[in-house]
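Report on the structure
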Amino acid sequence: MVWLNALGASMPFLARGLKFGQTRRSLAPPDRVCSPMRLSRYFLPILRETPKEAEIVSHRLMLRAGMIRQEAAGIYAWLPLGLRVLQKVAQIVREEMDRAGAIELLMPTLQLADLWRETGRYEAYGPEMLRIKDRHERDLLYGPTNEDMITGIFRAYVRSYRELPKILYHIQWKFRDEQRPRFGVMRGREFLMKDAYSFDVDEASARLSYNKMFVAYLRIFSRMGLKAIPMRAETGPIGGDLSHEFIILAETGESAVFCHADVLDLPIPPENTDYDGDLSPIVHARTKLYAATGDVHDQARFERETPAEKRIQTRGIEVGQVFYFGEKYSKPMRALIAGPDGVERPFQGGSYGVGVSRLPGALIEASHDENGIIWPEAVAPFKVGLANLKFGDGTTDAACAAIYAALEKAGVDVLYDDSDERPGAKFAKLDLIGLPYQIIVGPKGLASGTVELKTRATGARENLAAGAAIARLAGV
RNA sequence: CGGGGCAUAGCGCAGUCUGGUAGCGCGGAAGUUUUGGGUACUUCAGGUCGCAGGUUCGAAUCCUGCUGCCCCGACCA
């Protein structure tokens, strides 16, 4: 870590923006804490017209806002603005996984088929698996998931119950050769996913791990400004009650959902939640009320357990799933753990996924209007857009430059539109890309000593002195 | 994987039926104009008409094959 400290010392701007709760390791993938940008130097290909292939609103807006570009069916390049959002989403997931005690690693995208033959999944998996041969004619595959590989890693090193429990996770690209990719990044073939895997010595312990992930998921989606509801899901051959899909409600969602209205208003576990304590009350409060997706929905039970005025029937988007699968992989792969009694048994496993690259799309489905995207602050690519309504005018240029510098100094991510476009075009563009705040600087306002601060979500505008606007944005 | 459709300039489209020297809007460049919600005008640049065969004096247009993409359904994070 010496080199990292040296780097931090020689590059003070890296450390400057560190806020409470951010560790140095969180600098790892998105190594920016604040990086303001001038539009004239940025790469933001806004589309005025909608490409015809985009049917749903999030796909349309992501293309128009220059966030993504399709390279093939279900395969996208993430352009700078989109990448910022993707990284913010990933970072929230990372922080909450770490908080819950999970350990990050990184497994490769390509896997040897032999691993999958051990569990019988190489044959069982259909054409959705992308199969590749290398120059030695060895069978490889582009991983659609990593249970087999993580089990292989785990069994190579861990033999004793004393090293359990453990939860390992990574955030990596996956590939599933969907018959019909659609909805932009919401159902791509290539997708970025956080998948965690828990290792426990018995079922009781596995349930504790399950609860940790369950609670972490509540926090993850809440931090992104989403109301994600855990819903009962198919548990497969294992049975039991330990599988939930996390669904956000959106009219345009892919699946029908049914739930008790009160699940929407349950409190989110706080940041200082003790993950080693008893989490079952939190989980129980969520799971005792009816909530199910269409495929496991039981109308009679729904009506029995939920008063008519509390019944919600709408549509939703799955953004995560938690699943306990016991010995499904550890048994065939002989990943054995010696218990306190000296007897070796397969570990009890679970897996926990979050659709990272799907979330930007889901977030837009949940938060937009006729003018464009409305980003929740936690995942916004920039916090504020600064519009110079008369670029080239000495007074407005100077005012904008001063505001830009002040925001940068305060650690506020700002995108400065320093183009010479007309005001209307700038307003439309800022509304489209959905930054939470806009500072609008023009000659008229400056004549009376004010700039305009607009809140994207509400449309509220306020005229105030530049210093006051900066203070507002630099505050909480 | 069943059903339907599309492929012409960076994007959105017309032209295909009825074969004859490839067009419109937006966007881009230059300029004039305008200046608080996508300003108006002038000029310019930009296309192997998805690919490969075939028919024909001549193919974006007709025929055959292929590829890519989209929509509905089944399936899925």
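Everything quoted here is computed from the prediction, not taken from an experiment.

**A word on the overall build of chain A**
- Per the secondary structure count, chain A includes 15 helices and 24 strands.
- Its C-alpha atoms give chain A a radius of gyration of 24 Å, within 12% of the compact-globule value 23 Å for 476 residues.
- Counting only C-alpha atoms and orienting by the principal axes, one finds that chain A spans roughly 80 × 60 × 45 Å.
- Buried positions account for 51% of the 476 residues belonging to chain A.
- In chain A, once contacts between residues fewer than 6 apart in sequence are set aside, the share between residues at least 24 apart is 71%.
- In chain A, 62 side chains carry a positive charge and 61 a negative one; their mean positions are 3 Å apart.

**A short note on the sheet that holds strand β6 (residues 130-133)**
- The strand order β5-β7-β6 describes an open sheet built from three strands, whose pairing is antiparallel. Of all strands in the sheet, those with a lone pairing partner are β5 (110-112) and β6, marking the two edges. Sheet twist, expressed as the mean angle between neighbouring strand axes with direction ignored, is 35 degrees.
- As defined by bridge partners, β6 adjoins strand β7 (residues 139-142) across four bridges and the pair is classed as antiparallel. Looking at the pairing, Ile132 lines up with Leu140 of β7.

**A closer look at the sheet that holds strand β24 (residues 461-464)**
- Reading across from one edge, β1-β21-β20-β22-β23-β24 is the order of the six strands in this open sheet, with mixed pairing throughout. The strands lining the two open edges of the sheet, one partner per strand, are β1 (37-38) and β24.
- Looking at chain direction, strand β20 (residues 384-388) and strand β21 (residues 414-417) are connected through four bridges and run parallel. Following the sheet pairing, Gly385 is matched in β21 by Leu415.
- Lying over the sheet, helix α12 (residues 394-409) contacts β1, β20, β21, β22 (437-441) and β23 (451-455), oriented at roughly 165 degrees with respect to β20.

**A short note on the environment of Arg219**
- Looking at the secondary structure, you find Arg219 in helix α8 (residues 203-223).
- The exposure class assigned to Arg219 is buried, which follows from its relative accessible area of 8%.
- Along the chain, Arg219 and Ile268 lie 49 residues apart, while their C-alpha atoms are 6.4 Å from each other.
- Here Arg219 is in contact with Glu96, Arg99, Ile268, Pro269, Pro270, Glu271 and Tyr275, once residues within four sequence places are set aside.

**A short note on helix α15 (residues 466-474)**
- Taken residue by residue, α15 has Ala469, Ile470 and Leu473 as its buried positions. End-on view of α15: buried residues confined to an arc of 100 degrees, all on one side of the axis.
- In the core, the buried residues of α15 are packed alongside β20, α12, β22, β23 and β24.

**Considerations on the packing of α8 against helix α9 (residues 280-287)**
- At a minimum axis distance of 9 Å, the contact between α8 and α9 shows a crossing angle of 65 degrees. As the angle between them shows, α8 and α9 are arranged roughly perpendicular. α8 and α9 meet at a crossing whose hand is left-handed. Where α8 abuts α9, its residues Asn211, Phe214, Val215 and Leu218 lie against Ser280, Ile282, Val283, Arg286 and Thr287.
- Classifying every residue of the contact of α8 with α9 gives five nonpolar, three polar and one charged.

**As for the protein's contact with RNA strand B**
- Taken together, 37 residues lie around RNA strand B, and Arg48, Arg180, Gly188, Glu318 and Arg461 are the ones closest in.
- Among all atoms of RNA strand B positioned within 4 Å of the protein, those belonging to sugar or phosphate total 45%.
- At a separation of 2.8 Å, a phosphate oxygen of RNA strand B approaches a polar backbone atom of Ala73.
- Between RNA strand B and Lys444 there is a distance of 3.3 Å, counted from a phosphate oxygen to a side-chain nitrogen or oxygen.
- Of all elements in the fold, only β2 (68-72), α13 (423-433), α14 (443-447) and β23 reach the threshold of two or more residues within the surface near RNA strand B.
- The biggest single contributor to the surface near RNA strand B is α13, with six residues.
- Residues belonging to the surface near RNA strand B are distributed by class as follows: eleven nonpolar, seven polar and 19 charged.

**Observations concerning unusual backbone geometry**
- Cis geometry marks the peptide bond from Leu164 to Pro165, where omega comes out at -5 degrees.
- Looking at where Pro165 falls in the secondary structure, it is placed in the loop between α7 (147-157) and β8 (166-175).
- Backbone geometry places Glu137, a non-glycine residue, at a positive phi of 65 degrees.
- When you line up the elements, Glu137 lands in the loop between β6 and β7.
- Phi is positive for Phe183, close to 60 degrees, though the residue is something other than glycine.

**As for the pattern of salt bridges**
- Within the structure shown, the criterion is met by 34 salt bridges.
- In this structure, the salt-bridge partner of Lys212 is Asp276, at a minimum N-O distance of 3.7 Å. With Lys212 in helix α8 and Asp276 in the loop between β12 (255-260) and α9, the pair connects residues that are 64 residues apart, well separated along the chain.
- Note that Lys454 is salt-bridged to Asp431, the shortest N-O span being 3.1 Å. One end of the pair, Lys454, is in strand β23; the other, Asp431, is in helix α13, with 23 residues separating them in the sequence.
- Here Lys454 falls in the buried class, since its relative accessible area comes to 10%.
- A single network of salt bridges, built from pairs that share partners, joins Glu95, Glu96, Arg99, Arg219, Arg223 and Glu271.

Scoring rules and cut-offs
Residues numbered from 1 in each chain as written. Chains lettered and ligands numbered in written order. Predicted model: local features only at pLDDT ≥ 70, side-chain atom pairs only at ≥ 80, totals over all residues. Heavy atoms only, no water. Helix = DSSP H or I, 4+ residues; strand = E, 2+ residues; numbered from the N terminus. Rg over C-alpha atoms; globule rule 2.2 N^0.38 Å. Buried < 20%, exposed > 50% of the residue type's maximum accessible area, 1.4 Å probe, protein only. Contact = heavy atoms within 4.5 Å. Lys, Arg positive; Asp, Glu negative; His and termini not counted. Charge placed at Lys NZ, Arg CZ, Asp CG, Glu CD. Pairing = 2+ DSSP bridges. Axes fitted to C-alpha atoms, helices over the stretch in contact; angles between N-to-C directions. Arc of directions from axis to C-beta. Parallel < 35°, antiparallel > 145°, perpendicular 65-115°, else oblique. Left-handed = near helix turned anticlockwise from the far one by under 90°. Nonpolar A, V, L, I, M, F, W, Y, C, P; charged D, E, K, R; others polar. Near = heavy atom within 4 Å. Polar contact = N/O pair within 3.5 Å; in protein donor to acceptor, adjacent residues only side chain to side chain. Salt bridge = Lys/Arg side-chain N within 4 Å of Asp/Glu carboxyl O.

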